[in-house]
There are 2 protein chains.
Amino acid sequence: MALKPNIIVAQSGGPTAVINSSVCGVIQQAIGSGKINRVFGANNGILGVLTEDLFDISAESSETIDALKRTPAAAIGSCRYKLKSPDESKADYNRIIEVFKAHDIHYFFYAGGNDSMDTADKVNNLASDMGYELVCIGVPKTIDNDLACTDHCPGYGSVAKYVAASAMNAGRDNEALYTTDTCTILEAMGRNAGWIAAAAGLAHRCRQDAPHLIYLPEIAFSFEKFIADVKEVYSQLGRVFIVAAEGLKDQNGQYITAETGSLGTDSFGHAQLGGVSEILKLVIEKEVGIKTRFNKLGTNQRSAMHFASLTDVNEAYMCGKTAFKAAMEGQNGKMVTLIRQDSPEYNCTTGLANLSDVANGEKKLPAEFINPAGNGVTDAMLDYVRPLVQGQAPFDIGPDGLPVYMRFERVAIQKKLAKYI
Amino acid sequence: MALKPNIIVAQSGGPTAVINSSVCGVIQQAIGSGKINRVFGANNGILGVLTEDLFDISAESSETIDALKRTPAAAIGSCRYKLKSPDESKADYNRIIEVFKAHDIHYFFYAGGNDSMDTADKVNNLASDMGYELVCIGVPKTIDNDLACTDHCPGYGSVAKYVAASAMNAGRDNEALYTTDTCTILEAMGRNAGWIAAAAGLAHRCRQDAPHLIYLPEIAFSFEKFIADVKEVYSQLGRVFIVAAEGLKDQNGQYITAETGSLGTDSFGHAQLGGVSEILKLVIEKEVGIKTRFNKLGTNQRSAMHFASLTDVNEAYMCGKTAFKAAMEGQNGKMVTLIRQDSPEYNCTTGLANLSDVANGEKKLPAEFINPAGNGVTDAMLDYVRPLVQGQAPFDIGPDGLPVYMRFERVAIQKKLAKYI
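Residues numbered from 1 in each chain as written. Chains lettered and ligands numbered in written order. Predicted model: local features only at pLDDT ≥ 70, side-chain atom pairs only at ≥ 80, totals over all residues. Heavy atoms only, no water.

Caption draft 1: Layout of the pairing of strand 5 (residues 135-140) of chain B. Residue and element names in this part refer to chain B. Within strand 5, 6 of the 6 residues are buried, which leaves it mostly tucked inside the rest of the structure. Pairing analysis gives 6 bridges linking strand 4 (residues 105-112) to strand 5, with the strands arranged parallel. Within strand 5, the residue paired with glycine 112 across the bridge is proline 140. Direction of pairing for strand 5 relative to strand 10 (residues 334-340): parallel, over a ladder of 2 bridges. Its bridge partner lying in strand 10, isoleucine 137 is registered against lysine 334. (Buried < 20%, exposed > 50% of the residue type's maximum accessible area, 1.4 Å probe, protein only. Helix = DSSP H or I, 4+ residues; strand = E, 2+ residues; numbered from the N terminus. Pairing = 2+ DSSP bridges.)

Structure, rendered in structure tokens:
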């Protein structure tokens, strides 16, 4: 290893409002340490490593790097490229190490979810087998909040805040115009875990407040039960506001949506297309007979910098700094975790978990966070999420009153190897 | 007329982030004038008048009334109840005047769009025919920005700001993850006029910025042209971000969506359901072959108090105050308008237009605001909208970091008449 090695930072999977804050923490801590030579970024995550498509983050201005904390999505670039299992083929892993070697990279910081932690772990193990000095540290990132070994995940607090406020806003809309637009469905992300949909429960401060019903992937979805729930709320309030996770599944574990769904053409007279919202709307209009509309926030929820949580931004930044510090202290093969202290005031510190433990886990909503009827959340859930949405994250505002986000200059690193893919 | 008459305030149609600000302007100006007895609110708009379902706004605390400025949707309640034409039946109009008479109401302030202005005009004319002293003043309100006789409409600036920021945020998401989520569609409200979709053009500050294509109801939609546009952007940037108004129509004026659409089951192998986004997604995936996702903001765009325009809130409030002042000055049968001054700095004052002129007009995007290719907007459009999105409207924030909105106590006014509907 050179006296001052290079480090590489990469982002993976779905963007969040704060993944750039984590990356900022790594970069600023690294540059400030005086212990490294250059910070490389991998264009579009691990794809950029495989294709040797790197750029020099240390050549960026300090203002640009600092503005990462106020820019959503994934400024280095992300991807969903799935590496083959090393048992199947070691080619991708060998290539990654070859690229690291060619550019004197001995530290790999990877911000992502459990697939990314799995990748980082495997790269780390192969480097060790090959005798290449490499330190791999994971930085947690996912709006889904489903990573094991950590109290919560950077990215979740911001999506929770945005979705809760969206439920409040659209809830007031539903309340104002219920005489015609009687039912509103807000579709939240979450294929396997209902953390995001559950956070919308924060909006329900009193009986009138939206959401009145929340449906989660953790609970097997029953159309009969659903119809009864909607009728019940409608009879009480004259209107209904529903939050539905996109990944609702029936008792056989099948998505209730179109392509794979348990409702076919015959049941409702149409071929079913689209997602959860579309099918729930159809069911309500047919079975309850009230006009229903749906809002599908889509990628807007995971990139909503204009209403991100300051707590989330700060914790994401702290995770990034901790990742670099841990590497300097000789840690390897770890992911930074968030530990909620057992104190009256919310207080969160960082820890470390083995990459392999994170890679193989998935944290769903525990039973005590879901109400007995399976159509809402408990106070325990709200107590869990409330501290995570605190504070308004700042963002730069242009003379036109709209957000201004940074972009890297992207000074390319000259390629040294043959084309791989 | 009693020495100090009562006034009534009602809201109509789709909620906005600032219709409550307008109502606040009327109420505060009325109470401050010392010239009126009580301010009544009509629960759920004109429906509340017809059913004599009124409440006493003057009994509310001044804090509650002031918090209207920081609460979205329509706090008095709204509706889409369509009055019959007086030529068909005068029953509804007679009832309205009967209710006004029973409660000594001589001023009617109606916040709404062109249908509401039509209603107010007809009520006014019938009152005059019947010799009942009534002053009807309209307060402009519509996110659609399609009212005649006014430079723009309260409600539009806020939805423009939210949709532009949403395009920025989701645009960065698309840019970060384009290697898999290559195309994003953001669906904006707007059945007949493309003002909201056009405002998203503010997000496009440089070539890379979303949106790359904007489709408006004013331009006949061609699938062939659309596919060519998407292919062109994809070839240049490797990704595509589209803003589509919900009301896109083909050259025959038919919505391109499912139920009435020009594309049937055969063309794409599925029965077409849902809105514009769903069909555009299908077309892109089939014809361009890139993965496409869509975000449908729905009612979240018209109620987004957490990112409303301060300019919009202030102008809405000014419209409300002007409405009351105009009534006191002897005006009748008018709607308050916004007049953009011909000055280097943006400066907006109020005027008055005849209700009948507003009722019969509809303002679509002028040709000079749409680019020659019909898939984007011009600088003239951006110059028009930019001043309207300036400033961040304040809202109350609770100890949990989330918005807090007001609700009226709703002290009911005792009914004096027989049931009508």
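Caption draft 2: Molecular detail of the relation of the copies chain B and chain A. Between the two copies, chain B and chain A, the superposition gives an RMSD of 0.0 Å; the rotation angle is 180° and the shift along the axis is 0.0 Å. Within this description, the copies of the chain are treated as partners about a two-fold rotation axis. Every residue of chain B has its C-alpha some distance from the rotation axis, and the shortest such distance is that of Lys296(B), at 2.4 Å. When the interface residues of chain B are mapped onto chain A, 100% of them again lie at the interface, so the same face is used by both copies. (Least-squares fit on C-alpha atoms with pLDDT ≥ 70 in both. Contact = heavy atoms within 4.5 Å.)

Caption draft 3: Quick look at the sheet that holds strand 10 of chain B. All names here are of chain B. If you trace the 7 strands from one edge of the open sheet to the other, you get 3-2-1-4-5-10-11, paired in mixed fashion. Each edge of the sheet is formed by a strand with only one pairing partner; in this case those strands are strand 3 (54-56) and strand 11 (348-354). Averaged over neighbouring strand pairs, the angle between their axes works out to 30° when direction is ignored. Looking at chain direction, strand 1 (residues 6-11) and strand 2 (residues 39-42) are connected through 3 bridges and run parallel. Note on strand 2: the bridge partner recorded for valine 9 is glycine 41. Of the strands in this sheet, strand 4, strand 5 and strand 10 touch helix 5 (residues 114-129), which is tilted by about 165° from strand 4. (Axes fitted to C-alpha atoms, helices over the stretch in contact; angles between N-to-C directions.)

Caption draft 4: The arrangement of the interface of chain B and chain A in detail. Between chain B and chain A, the contact holds 71 residues from the first and 71 residues from the second. Here chain B meets chain A over a buried area of about 5,700 Å², counting both sides, of which 51% is carbon and sulfur. Of all residues in chain B, Asn169(B), Arg172(B) and Arg407(B) bury the most surface against chain A, accounting for 13% of the area lost on that side. The interface formed by chain B and chain A holds 10 salt bridges in total. The partner of Arg302(A) in a salt bridge is Asp173(B), with the nearest N and O atoms 2.6 Å apart. On inspection of chain B and its partner chain A, the count reaches 42 residue pairs in polar contact (both at pLDDT 80 or more). For the side of chain B that touches chain A, the secondary-structure elements that each account for two or more residues are helix 6 (156-176), strand 6 (183-188), helix 10 (276-287), strand 9 (292-296) and strand 13 (403-404) of chain B. The element contributing the most residues to the side of chain B that touches chain A is helix 6 of chain B, with 12 residues. (Buried area = accessible area lost by both parts, 1.4 Å probe. Salt bridge = Lys/Arg side-chain N within 4 Å of Asp/Glu carboxyl O. Polar contact = N/O pair within 3.5 Å; in protein donor to acceptor, adjacent residues only side chain to side chain.)

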